Each structure stands twice: as C-alpha cells, then as structure tokens.
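# Chain and residue survey
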Amino acid sequence: MLRTVPGTPARLLALAALAVLAALVLAGCDAAEDPDAPAPDDDPADEAEEAEADEAPDGDDAAPEDAEDPDAPAFAEDPDCFGVELAGLAEASVTCGTVEVPLDHDEPEGDTIALTVAVLAGSEDDAGPPTLVLGGGPGEVMVETALTEPEVQETYLGEQDAILVDQRGVGHSDPALDCPELDDEEAEAGLDDLDESLDALEGCRTDLAEDGVDLDAFNHVANADDIDAVRRALDHDEVDLRGTSYGTHLALHAAARNPDGVRSLVLSSPIDPSQNYLDTMAPGFQASLDRVIEACEDTPGCSQQVGDLEAAIDEVVARLDDAPEEVTVEPPGGEETTDTYDANAFVAGLFTLFYLPDGAYALPALVDDAQAGDLEPLAEIVALVEQQLEGLTTPGMQFSMVCSGEAPGFDLDAARAGVTSDVIAEHWLPISAVGGEATDEACERWDVEQAYDPEAFSYATDIPALVVTGELDHVTPPELGAQVADALDTAHLVEVPGVGHGPLQALDLFVTGCGDALVEEFLDDPERPPEAACVDQMPPFQPLGELPDQPEGP
C-alpha cells in the first residue's frame, strides 16, 4: 500500500476516547448577495458589470474596477456557489466565485487557471482585514467542505470575514489534480503491494498529462503567488493568513513573497519552510510514540491495564506479520468495510491516531484490545477517518508539491537515523511515499521539475505570528514550530501539552472555546502576546484510556 500524508486530518475531532469517532472540522466562505451585507470588493461594480459577472462566472470580463491596482486579477461571482447546496449558512452571508490567475506567474500573459473562492461574512463590518484560510495536505479541499459542514464553519466564523480558497489543482479549481486511479474501490482492493500502488500513481500522472495539464506549474512558488492574487482580486489592502500543517508552509511562503499584503499569521502545527520537513516525519512519529510509551509507563492506570506498551505493540506487529487478520467494521454514520490488517496496516493505524486530538489518550487501550485479539476498535477509527477524508484530499496536488519541492533534497539516511524502533523502521518507512523509502520512487513516477529549495527560503521576519504547537505532533514536531518562532521578530509561541496534529482544534475539544479565544485575542492586537489563560487549563498528558474532564472555556 502506498502511504501518504492525509490532507486534512487536523479537522477530525474525536467524540470519545475509546471510539475516537471523528467529525469534520474545516473552514468557511464569505460574501453577500444581500445588498446590505458586505461584498468582497470594497469598490463595488455598477449594475451592468454585475450582470456581466453573473453571465461569465469563469472570470471573463468580470474584474472589479480597481483604480489603485488596474492589473488586479478578476473575481467572477458565482451566485450558485458551484452547484453546492449550502448547509448551516444563509445565502446572503456567502459569496462564491472564481479568480483567474496565470498558470505561470512569470508569464502573466500566458495560460490561466481558475481558483475557487468563497467568503463567509463576519459579524462586524469594521473588524479589520479578513482572514484568508489556507488548506493543509497539500491538497485539502476547502470550499465545498466549508459550505456544507456547519462544524467547519464554526471554526472560522467570527468578527472578520473569512476567505476560503481551493488552491491550484484542488477541489472546484480548474484543473483539479484528482487521481481516481488511487481512489477507485476496485483498484484500492487490488493494491496489495507498493509496486501496484506506484503504477496507479503513474497512471494518474499519465492521464493528467494527456488531458493537457502542465504538472510543473503546480508547486509551492506558484501556490504562494496565487494567494496574493486572490487578495488583490477581492480588493483588500492586507489580510491575516491562517493555516494548519501545510497551510502554515503556504502562509509563510506567501508572506515572504508578498509581505505588504499580510498583516499577521496564525500558524497551527507549523512547518519551517527553510527546513526539509520530509526529513523529520519518521523521527517525529518515533518521538510521539516514545512519548506515549513513556507516559503509559509512568501512569499507574495505564501501566496496570496495558503493562509494557512497547512490548504490546511489538507483540501485535509480530502476530500480524505472521498471519494478517481480516477485520469488518461499520463506523457510526459510515459504510461497512472489510480490510486485511497486516503489520503495516496496524502501524499505519497508530500513525493515524496522532492526527486526532485525543488519539494519544486512546492509543494504549486500542493496543491493549489488539493484543487481546480485537482489532475492531482501531480499524473502526481508521475506517471512519478514511471515509470522512474521501473526496476531501487531492493526491495529485500533494505529489506535485512534494516532488517539486522537498523530495529532491530528502535525506533518507537522516530520517532513518531518527528511528530507533523496528516497528517504524520495518513497517512505516518502507511503504511511505511522503517521508519514507518510497518517496524517491513515487516522485520519479510523478516526474515534475524542482521549483523550490528549502535552503533558499528567506522569511518575512517583521510580520507578527501566533505559533501553536502540539506536544505529540508526529508530522510537524513541536521543534519545527519553535524554529519558526525563532525566525520571526514577533512570534507568540503557544505549546499545547498532550495533543498531536492541529493543536488549535484540539484546544477547543479539551477546553471549550479555547482555540477560538486564543486566535481572537491575537487578531485583536497581533503585536501583543496573548494571555492564553485557557491554555493553562490543559491537563498534563496522561494516557488513561479516557479523556480528562473538560474545563469551562473562556
């Protein structure tokens, strides 16, 4: 099986410690078809121009009149919001449309592509610049999820407008780098080994190329320039950029390339763009797993229930290595699935747990179940995560970004050096196409030119940032966030104990409303350190198999 990094796992909130049943937590869109609601363009077009925009949603002749920026890209409103049926949003509070940008920003008169944009109107007219929310992955589908998931909207709805973008190659943006070869159920069932998975990846690349898609144009640099193009198309002098995981990489890169258009940065699970994050993924998984093993040993309730957690994991891996087991599950709200669990699938399941805010709490009990012969609780969680993510990530976008950026400089020896466990060395590294031994081969198959070198990256150091890390973050270890904070003149570093990937969302799970309050306090005055008092209510990490009581939030 070809293992990659899920595109948006930080949006998954666990509902219970042992079930860890996830619900999507994404982002929203803005605007207003109500004439009294704020429109994305500060200088509204006349009625004739609006009629033309309605007739040409793809962006032709739909650019707003902008005396200060006559070369601003066009924003073409789409009153039907791409045919998406809204849920939890009043039509008057949402504006959807497309922004036409150059395929290659160095050739502005050349071919163009269309980016999907949605804007959610904030509660206050004069709340400051809008927040432009950047998806993770790379390859997270933002717009449709935000329009259809009320839980997602709650994360980003506030006083300011929230701008959501499907990045180039993603979602309703055109073209989209979808890979049905990797998603097809029949094909998936037949992908029993890495070679077959790589063949499916190469088949996707071939199909996209035959459709005329220039995959070399989908890279970090172009993606960053797109963000400023969206800001200009919506006629904003500046925006606050907010991202999780890859979204932080994009935010920092966009700020570095166009600093005048960025007021502040909100970075959850940050990636240091000046470092090759692929080198740290396997060591990050090792460090997070070691931390849980150590905490279980030091916690009487955990050690009494599970015993030696590391030995228990080794025992399950050895058993499944010798005799894989078939597991059938039907997660609540999901579909029944039957999977064959070998040692690789089990270790990949442990990796997935760290994406969930309370996954580390549940890990010892799930391993204990597996050791007793019951893989169903873990398999149920993994199946639900995969079903929730279906259609919400874009594999082609992810491989284009990784293979044109970090993969050429990936140091596999450095990654191996950070792994001390045979479990990870033998059952995660060999099958991982992002940060593992399969990275080089996958990128040879994807075959794109390098467009970005982390060593050449230079920060825009004078933009204030809120930097939030999770103690058990296995994909973007907290050390990366500390490096980002050190590189900036004004950075407010908040370290959240006991949680993994997506610490801002995790804060809302453990301390009601804490993540939202932290962001709000920062955006009120980005230069001033937020008090972050609610973060102090986070309990120290103790893997008890159940969540601690949730304190009252701010």
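Scope of this entry: the structure provided in the associated data block.

The subject of this paragraph is the nonpolar core. Of all hydrophobic cores here, the largest spans 145 residues; its most connected members are L265, I313, F346 and W446. By residue number, the principal contributor to this core is helix α9 (residues 278–298), which donates nine residues. Grouped together as the second largest cluster of nonpolar side chains are 17 residues, F82, V84, C96 and A118 included.

Before going further, it helps to spend a moment on the state of the cysteines. Disulfides are covalent bonds that connect the sulfur atoms of two cysteines. Enumeration according to the criterion identifies five disulfides in this entry. With its sulfur 2.0 Å from that of its partner, C179 forms a disulfide with C204. One disulfide, between C179 and C204, carries an S-S torsion of -75 degrees and so falls in the left-handed class. Of this pair, C179 sits in the loop between β7 (162–166) and α4 (180–183) while C204 sits in helix α6 (residues 194–210); the two residues are 25 residues apart in sequence, bridging distant segments of the chain. On the accessibility criterion, C179 (0% relative accessible area) is buried. Here C296 is linked by a disulfide to C302, with a sulfur-sulfur distance of 2.0 Å. Its S-S torsion of approximately -95 degrees makes the covalent link between C296 and C302 left-handed. Like C302, C296 is buried. Indicated for the chain is the disulfide connectivity 1-2, 3-4, 5-6, 7-8, 9-10, based on numbering the bonded cysteines in sequence order.

Reading the values: the criteria
Residues numbered from 1 in each chain as written. Predicted model: local features only at pLDDT ≥ 70, side-chain atom pairs only at ≥ 80, totals over all residues. Heavy atoms only, no water. Core = buried A, V, L, I, M, F, W, Y, C linked by side-chain atoms within 4.5 Å. Buried < 20%, exposed > 50% of the residue type's maximum accessible area, 1.4 Å probe, protein only. Helix = DSSP H or I, 4+ residues; strand = E, 2+ residues; numbered from the N terminus. Disulfide = S-S within 2.5 Å.

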